[in-house]
Amino acid sequence: MSKQESKTLYQALWNSADILRSKMDAADYKDYLLGLVFYKYLSDRMLYSAADLLEQPAHSLKEAQAIYEEAFKDGELRDDLISELKYMYSYALEPGLTFTSLVDKIHMGQFQLEDLAQGFRNIEQSSELFVNLFEDIDLYSKRLGTTPQKQNKTISEVMVELDSLDIAHEGDALGDAYEYLIGQFASDSGKKAGEFYTPQAVSTLMTQIVLSGKEDKRGFSVYDAAMGSGSLLLNVQKFSNEPGTINYFGQELKTSTYNLARMNMILHGVDVANQHLHNSDTLDADWPTEEPTNFDAVLMNPPYSAKWTADKGFLDDPRFAPYGVLAPKSKADFAFLLHGYYHLKDTGVMAIVLPHGVLFRGAAEGKIRKILLEHGAIDTVIGLPANIFFNTSIPTTVIVLKKNRKNRDVFFIDASKDFEKGKNQNVLTNDAIDNILQTYLARENVDKYAQLATFDEITENDFNLNIPRYVDTFEEEEPISLKHVATELTAVQKDIAEAHQVLATFLDDLVATTDDAKDELDAFKSILTRGGDNHDK
């Protein structure tokens, strides 16, 4: 897809959102729009595939729809076709429930929301892969309109807008466009809904770090225990040379976001056998507990300083037991980190985004950090610029962890100034990402940017990993020449004196009409004249 075509697709999708934007928050209307985009994708893909199976290639959805409807009239042919479609995609829609057919009904004034609801149900009941996938889309919500007619009208308008898109032929571009929408929704809704999405720039950096040197590995496994929309996981396929063999393991607490990740996987063409997603609380109970439980890479951007139970029973949990203490109830940051680290292979690499507080806070967090450092678990600490996430403006850090390292040094990179100012958020540019990545790979000191700290230095700092303790970014001011300052001061005084003289000349043209005004004018001229005389001296 060309850049121009891609922009057209993005814009068309975003324009569809305008219909819903005035009726509800982005956190709510994203479910409708993304759900309808996904339904259209499933419908369009099935129609074109059906035409191909019938060896009647279609050049448009209308042609494909007509071929599909005709085949359905032949009972034997219909059964074979449905069987083949279900084998290929795990679902099949009746001709009257395809997106194309429903839009035709809208134009003929015959569309009923129940038809779309039935299509949703048929998809959901066709395979375990699709169970409850559309449960967040309430077609009869009052937010769509106060009457059934208004609700029907709103959904119809969105479907007609989407109908102009040839989604089935967009391939990976549709997955990227889908992710674009997720990013736009996160940006539009700010703190309320931004937590389900990691900005692409940060995803790109973290992905390249954990995949470094393993780009050719077949069967690479990646795990995200707070996967949100799945963007971090899916980013791995962009940098792997064996994308079709990647196994994705993800867990998400919120059901609506979990469904978003499931759709995202399908739209990015991830095979069913390679998707291993779970809807549950990561900290409450460990997952996965059946093989495989450890992974080549762990990528995480968990909710920052979230609350959790921190029940004493967790001290016996193998994820947390080796550290003897638990992350505080009010800040689960280290609980997420330890969970991810527990599931990392001995040869794996983990990258997690957390607030800076985990680098220097004391008490239980200090004890956990000390043990991790004593075991050489913390490989690199990267300070990111502030205000690059949708849901927070605080500065964050990417911590890179490994197992079985030969030494216990820590590499620090201060990338806090590597950004461009954006409209609402700062932007981590491609050049900045490349600079951070190359610095990480080289692992060599860079003046005022990166520093390799020995374990002894870290011990001397009482296991405090606050980046300024190791990377000195202080810039000395240029020495000031007093002779230069004196010369500039003399020139300024001369300019002022000349300005006074010019102003006094202008005042000579003024005529006072009263005695008081004359006294005031004379006094002002005197001040200007004395000032000019003084400066001339």
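An unreviewed UniProt entry annotates the protein as site-specific DNA-methyltransferase (adenine-specific) of Vagococcus luciliae. The UniProt entry for the protein carries the following text under Sequence similarities (unreviewed entry): "Belongs to the N(4)/N(6)-methyltransferase family." Looking at the protein in UniProt, the text filed under Catalytic activity (unreviewed entry) is "a 2'-deoxyadenosine in DNA + S-adenosyl-L-methionine = an N(6)-methyl-2'-deoxyadenosine in DNA + S-adenosyl-L-homocysteine + H(+)".

A. Inspection of empty space enclosed by the protein at higher detail. With the rule as written, the count across this model stands at one cavity of 30 Å³ or more. Of the pockets and cavities examined, the largest cavity occupies roughly 60 Å³. The wall of the largest cavity is formed by Asp31, Leu34, Gly35, Leu133, Asp136, Ile137, Ser256, Asn259, Leu260 and Met263. For the lining of the largest cavity, the secondary structure elements donating two or more residues are α2 (26-53) and α11 (255-267). Per element, the largest residue contribution to the lining of the largest cavity is four residues, and it comes from α11. For the lining of the largest cavity, the class distribution of residues is five nonpolar, three polar and two charged.

B. Representation of the environment of Asp447 within the structure. For Asp447, the position within the fold is in the loop between α15 (430-442) and β9 (450-453). Between the C-alpha atoms of Asp447 and Pro303, which are 144 residues apart in sequence, the distance is 33 Å.

C. Local environment of the environment of Phe99. Residue placement: Phe99 occurs in helix α5 (residues 99-107). Residues within four places of Phe99 in sequence aside, it is in contact with Leu36, Tyr39, Lys40, Ser43, Met159, Leu162 and Asp163.

D. Structural context of the sheet that holds β9. What the nine strands build is an open sheet, ordered β3-β2-β1-β4-β5-β7-β6-β8-β9; its pairing is mixed. The open sheet has two free edges, formed respectively by β3 (275-279) and β9, since each of these has just one partner strand. Direction aside, neighbouring strands of the sheet carry axes that sit 15° apart on average. Where strand β1 (residues 221-224) meets strand β4 (residues 295-300), two bridges bridge the pair, whose relative direction is parallel. Each bridged residue has a counterpart across the sheet, and for Tyr223 the counterpart in β4 is Val298. The sheet strands contacting helix α12 (residues 333-342) are β1, β4, β5 (344-355) and β7 (396-402), and the helix crosses β5 at an angle near 160°. On the sheet, α15 packs against β6 (378-383), β7, β8 (410-414) and β9 and is oriented at approximately 160° with respect to β8.

E. Molecular detail of the packing of aromatic side chains. With the rule as written, the count across this model stands at 15 aromatic pairs. With a centroid separation of 6.2 Å and an interplanar angle of 45°, the aromatic rings of Phe38 and Phe134 are classed as tilted. With a gap of 96 residues between them, Phe38 in helix α2 and Phe134 in the loop between α6 (113-126) and α7 (148-163) connect regions that are remote in the sequence. A relative accessible area of 3% places Phe134 in the buried class. In this arrangement the basic side chain of Lys403 is found over the ring face of Tyr341, its NZ or CZ atom lying 5.2 Å from the centre.

F. The arrangement of unusual backbone geometry in detail. Look at the link from Trp287 to Pro288: it is a cis peptide, with omega at 0°. Examined against the element boundaries, Pro288 turns out to sit in the loop between β3 and β4. Residue Pro292 follows Glu291 across a cis peptide bond; omega there is 0°. For Pro292, the position within the fold is in the loop between β3 and β4. In this structure, Ser305 is a non-glycine residue whose phi angle is positive, near 45°. On the basis of relative accessibility, which here comes to 30%, the residue Ser305 falls in the partly exposed class. Although it is not a glycine, Asp462 adopts a positive phi angle of roughly 55°. Turning to its location among the elements, Asp462 is positioned in the loop between α16 (455-460) and α17 (482-507).

G. Expanded view of a nonpolar patch on the surface. Together, Val502, Leu503, Phe506 and Phe524 line one region of the surface with nonpolar side chains, adding up to about 370 Å² of accessible area. With three residues, the single largest contributor to the nonpolar patch is α17.

H. Quick peek at the nonpolar core. Core analysis: the largest hydrophobic core is formed by 70 residues, its most contacted members being Tyr39, Leu116, Ile155 and Met159. Top contributing element to this core by residue count: α2, with 15 residues. Not counting the four nearest positions on each side in its chain, Leu116 is found in contact with Leu36, Tyr39, Leu102, Phe111, Leu139, Ile155 and Met159. By size, the runner-up hydrophobic cluster in this structure holds 49 residues, among which are Phe314, Ala332, Leu338 and Val471.

I. Quick peek at the pattern of salt bridges. With the rule as written, the count across this model stands at 19 salt bridges. A salt bridge links Arg361 to Asp333, with the shortest nitrogen-to-oxygen separation between them at 2.8 Å. Here Asp333 lies in helix α12 and Arg361 lies in the loop between α13 (357-360) and α14 (363-374), a separation of 28 residues in the sequence. Here Asp333 falls in the buried class, since its relative accessible area comes to 0%.

J. Here's a closer look at the packing of α12 against α14. At a closest axis distance of 11 Å, the pairing of α12 and α14 adopts a crossing angle of 25°. Overall, the two elements α12 and α14 adopt an arrangement that is roughly parallel. In the crossing of α12 with α14, the sense of the turn from one axis to the other is left-handed. In this structure, α12 contributes Phe334, Leu337, Leu338 and Tyr341 to the contact, and α14 contributes Glu365, Ile368, Arg369 and Leu372. Classifying every residue of the contact of α12 with α14 by side-chain character gives six nonpolar, no polar and two charged.

K. Summary view of the packing of helix α9 (residues 200-211) against α15. In contact at an axis separation of 10 Å, α9 and α15 are set at 20° when each is read in the N-to-C sense. Classified by the interaxial angle, the pair formed by α9 and α15 is roughly parallel. Handedness of the α9/α15 crossing: right-handed. Side by side, α9 and α15 meet where Ala201, Thr204, Leu205, Gln208 and Ile209 of the first sit next to Ile433, Ile436, Leu437 and Tyr440 of the second.

What counts, and where the lines are drawn
- Residues numbered from 1 in each chain as written.
- Predicted model: local features only at pLDDT ≥ 70, side-chain atom pairs only at ≥ 80, totals over all residues.
- Heavy atoms only, no water.
- UniProt positions renumbered as here; feature names shortened; annotations may be inferred.
- 1 Å grid on protein atoms, 1.4 Å probe; cavity = no way out; pocket = protein on both sides within 12 Å on 5 of 7 lines; lining within 4 Å.
- Points joined across faces, edges and corners; volume = space filled by probe spheres on them.
- Helix = DSSP H or I, 4+ residues; strand = E, 2+ residues; numbered from the N terminus.
- Nonpolar A, V, L, I, M, F, W, Y, C, P; charged D, E, K, R; others polar.
- Contact = heavy atoms within 4.5 Å.
- Pairing = 2+ DSSP bridges.
- Axes fitted to C-alpha atoms, helices over the stretch in contact; angles between N-to-C directions.
- Phe/Tyr/Trp six-rings, centres within 6.5 Å; stacked < 30°, edge-to-face > 60°.
- Buried < 20%, exposed > 50% of the residue type's maximum accessible area, 1.4 Å probe, protein only.
- Lys NZ or Arg CZ within 6 Å of the ring centre and 35° of its normal.
- Patch = residues over 30% accessible without salt bridge, like charges linked within 9 Å, V, L, I, M, F, W, Y side chains within 5 Å.
- Areas by Shrake-Rupley, 256 points an atom, 1.4 Å probe, with all protein chains shown as cover.
- Salt bridge = Lys/Arg side-chain N within 4 Å of Asp/Glu carboxyl O.
- Core = buried A, V, L, I, M, F, W, Y, C linked by side-chain atoms within 4.5 Å.
- Parallel < 35°, antiparallel > 145°, perpendicular 65-115°, else oblique.
- Left-handed = near helix turned anticlockwise from the far one by under 90°.

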